[in-house]
Amino acid sequence: MSDRRFPRSVYGVGDEPDPRFSLANERTFLAWIRTSLALLAVGIALEALHLPIAPGLRFAAALVFVVLAILAAGYAWVSWQRTERSLRANRALPALAIGPVIAVGVMVGMALIVIGFLVP
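Residues numbered from 1 in each chain as written. Predicted model: local features only at pLDDT ≥ 70, side-chain atom pairs only at ≥ 80, totals over all residues. Heavy atoms only, no water.

### Observations concerning the nonpolar core
- Residues Trp32, Leu39, Leu46, Phe65, Ile102 and Ile113 are the most contacted members of the largest nonpolar core, which totals 16 residues.
- Contributions of two or more residues to this core are made by α2 (19-48), α3 (55-89) and α4 (99-118).
- Excluding its chain neighbours within four sequence positions, the residues that come into contact with Leu46 are Leu51, Ile53, Arg58, Ala61, Ala62, Phe65 and Ile113. (Core = buried A, V, L, I, M, F, W, Y, C linked by side-chain atoms within 4.5 Å. Buried < 20%, exposed > 50% of the residue type's maximum accessible area, 1.4 Å probe, protein only. Helix = DSSP H or I, 4+ residues; strand = E, 2+ residues; numbered from the N terminus. Contact = heavy atoms within 4.5 Å.)

As C-alpha coordinates, this is what we get:
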(Lines give C-alpha, C1' and ligand atoms only; values in the text may rest on other atoms or scores of the structure.)
Protein backbone atom coordinates (compact mmCIF):
# COMPACT_ATOMS: atom_id res chain seq x y z
CA MET A 1 0.00 0.00 0.00
CA SER A 2 1.39 3.41 -0.93
CA ASP A 3 1.52 6.32 1.51
CA ARG A 4 -0.94 9.00 0.34
CA ARG A 5 -0.48 11.47 3.19
CA PHE A 6 -0.13 15.17 2.44
CA PRO A 7 2.30 16.86 2.00
CA ARG A 8 4.55 14.50 0.09
CA SER A 9 7.50 16.86 0.74
CA VAL A 10 7.24 15.80 4.40
CA TYR A 11 5.92 12.26 4.38
CA GLY A 12 7.98 11.15 1.38
CA VAL A 13 11.24 11.75 3.30
CA GLY A 14 13.04 9.52 5.79
CA ASP A 15 11.61 7.01 8.24
CA GLU A 16 8.49 7.12 10.36
CA PRO A 17 9.38 8.81 13.71
CA ASP A 18 8.07 7.86 17.13
CA PRO A 19 4.37 8.88 17.08
CA ARG A 20 4.81 10.82 20.34
CA PHE A 21 7.18 13.24 18.61
CA SER A 22 4.88 13.74 15.62
CA LEU A 23 1.94 14.34 17.94
CA ALA A 24 3.98 16.86 19.95
CA ASN A 25 4.82 18.61 16.68
CA GLU A 26 1.10 18.77 15.84
CA ARG A 27 0.33 20.25 19.27
CA THR A 28 2.96 22.92 18.67
CA PHE A 29 1.38 23.66 15.27
CA LEU A 30 -2.01 24.06 16.96
CA ALA A 31 -0.51 26.33 19.63
CA TRP A 32 0.79 28.64 16.89
CA ILE A 33 -2.65 28.59 15.25
CA ARG A 34 -4.25 29.57 18.59
CA THR A 35 -1.71 32.37 18.92
CA SER A 36 -2.55 33.52 15.41
CA LEU A 37 -6.28 33.54 16.18
CA ALA A 38 -5.71 35.52 19.38
CA LEU A 39 -3.62 38.12 17.53
CA LEU A 40 -6.29 38.36 14.83
CA ALA A 41 -9.00 38.80 17.47
CA VAL A 42 -7.06 41.70 19.01
CA GLY A 43 -6.66 43.37 15.60
CA ILE A 44 -10.34 43.01 14.77
CA ALA A 45 -11.49 44.09 18.25
CA LEU A 46 -9.43 47.27 18.05
CA GLU A 47 -11.40 48.33 14.98
CA ALA A 48 -14.78 46.86 15.96
CA LEU A 49 -15.01 48.29 19.47
CA HIS A 50 -15.36 52.01 19.94
CA LEU A 51 -12.36 52.58 22.19
CA PRO A 52 -11.14 56.09 23.05
CA ILE A 53 -7.93 55.65 21.03
CA ALA A 54 -6.67 58.10 18.39
CA PRO A 55 -8.07 56.67 15.11
CA GLY A 56 -4.78 56.60 13.21
CA LEU A 57 -2.94 54.87 16.04
CA ARG A 58 -5.84 52.46 16.58
CA PHE A 59 -5.74 51.47 12.91
CA ALA A 60 -1.94 51.11 12.98
CA ALA A 61 -2.13 48.87 16.06
CA ALA A 62 -4.91 46.79 14.49
CA LEU A 63 -2.82 46.40 11.34
CA VAL A 64 0.22 45.32 13.37
CA PHE A 65 -1.81 42.62 15.12
CA VAL A 66 -3.42 41.36 11.90
CA VAL A 67 -0.01 41.14 10.19
CA LEU A 68 1.38 39.28 13.20
CA ALA A 69 -1.56 36.88 13.01
CA ILE A 70 -0.83 36.14 9.36
CA LEU A 71 2.87 35.64 10.12
CA ALA A 72 2.09 33.29 13.03
CA ALA A 73 -0.27 31.18 10.92
CA GLY A 74 2.26 30.92 8.11
CA TYR A 75 5.03 30.11 10.55
CA ALA A 76 2.88 27.35 12.10
CA TRP A 77 2.73 25.53 8.77
CA VAL A 78 6.38 26.07 7.80
CA SER A 79 7.62 25.13 11.27
CA TRP A 80 5.50 21.97 11.35
CA GLN A 81 6.95 20.90 7.99
CA ARG A 82 10.55 21.67 8.96
CA THR A 83 10.26 19.89 12.30
CA GLU A 84 8.51 16.83 10.85
CA ARG A 85 11.15 16.49 8.12
CA SER A 86 13.89 16.77 10.77
CA LEU A 87 12.22 14.08 12.86
CA ARG A 88 11.88 11.80 9.83
CA ALA A 89 15.53 12.35 8.82
CA ASN A 90 16.79 11.97 12.42
CA ARG A 91 18.38 15.45 12.32
CA ALA A 92 18.54 18.19 14.92
CA LEU A 93 15.31 20.14 15.25
CA PRO A 94 15.18 23.63 13.71
CA ALA A 95 15.41 26.65 15.99
CA LEU A 96 12.51 28.98 16.76
CA ALA A 97 12.70 31.64 14.09
CA ILE A 98 9.74 33.95 14.61
CA GLY A 99 9.37 34.23 18.39
CA PRO A 100 11.36 37.47 18.69
CA VAL A 101 9.44 38.98 15.75
CA ILE A 102 6.10 38.22 17.42
CA ALA A 103 7.32 39.56 20.76
CA VAL A 104 8.58 42.83 19.27
CA GLY A 105 5.43 43.16 17.16
CA VAL A 106 3.17 42.75 20.20
CA MET A 107 5.21 45.36 22.08
CA VAL A 108 4.90 47.77 19.14
CA GLY A 109 1.15 47.17 18.92
CA MET A 110 0.72 47.69 22.65
CA ALA A 111 2.83 50.87 22.54
CA LEU A 112 0.60 52.22 19.76
CA ILE A 113 -2.48 51.48 21.87
CA VAL A 114 -1.05 53.16 24.98
CA ILE A 115 0.07 56.21 23.00
CA GLY A 116 -3.35 56.28 21.32
CA PHE A 117 -5.03 56.49 24.73
CA LEU A 118 -2.75 59.36 25.78
CA VAL A 119 -3.07 61.46 22.60
CA PRO A 120 -6.20 63.66 22.64
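### As for the pattern of salt bridges
- Counting across every chain of the model gives four salt bridges.
- In this structure, the salt-bridge partner of Glu16 is Arg5, at a minimum N-O distance of 2.9 Å. A residue pair is termed long-range when its members are at least 10 positions apart, and Glu16 in the loop between α1 (8-11) and α2 and Arg5 in the segment before α1 qualify at 11 residues.
- Overall, the relative accessible area of 33% leaves Arg5 in the partly exposed class.
- Residue Arg20 is joined to Asp18 by a salt bridge in which the shortest nitrogen-to-oxygen separation is 2.5 Å.
- Given the relative accessible area of 58%, Arg20 is considered exposed.
- Look at the salt bridges and you will find they share partners, linking Arg5, Glu16 and Arg88 into a network. (Salt bridge = Lys/Arg side-chain N within 4 Å of Asp/Glu carboxyl O.)

### Let's talk about the packing of α2 against α3
- Two elements in contact, α2 and α3, have axes separated by 7 Å at closest approach and are oriented at 170°. With respect to each other, α2 and α3 are oriented roughly antiparallel.
- In the contact of α2 with α3, the residues fall into 22 nonpolar, six polar and four charged. (Axes fitted to C-alpha atoms, helices over the stretch in contact; angles between N-to-C directions. Parallel < 35°, antiparallel > 145°, perpendicular 65-115°, else oblique. Nonpolar A, V, L, I, M, F, W, Y, C, P; charged D, E, K, R; others polar.)

### Some words on the environment of Arg20
- Its location among the elements puts Arg20 in helix α2.
- Separated by 2.5 Å, the side chains of Arg20 and Asp18 make a polar contact. (Polar contact = N/O pair within 3.5 Å; in protein donor to acceptor, adjacent residues only side chain to side chain.)

### Some details on unusual backbone geometry
- Between Phe6 and Pro7 the backbone carries a cis peptide bond, its omega angle lying at 0°.
- Even without being glycine, Asn90 reaches a positive phi, approximately 60°.
- Residue position: Asn90 is located in the loop between α3 and α4.
- Look at Asn90 and you get exposed, because its relative accessible area is 74%.

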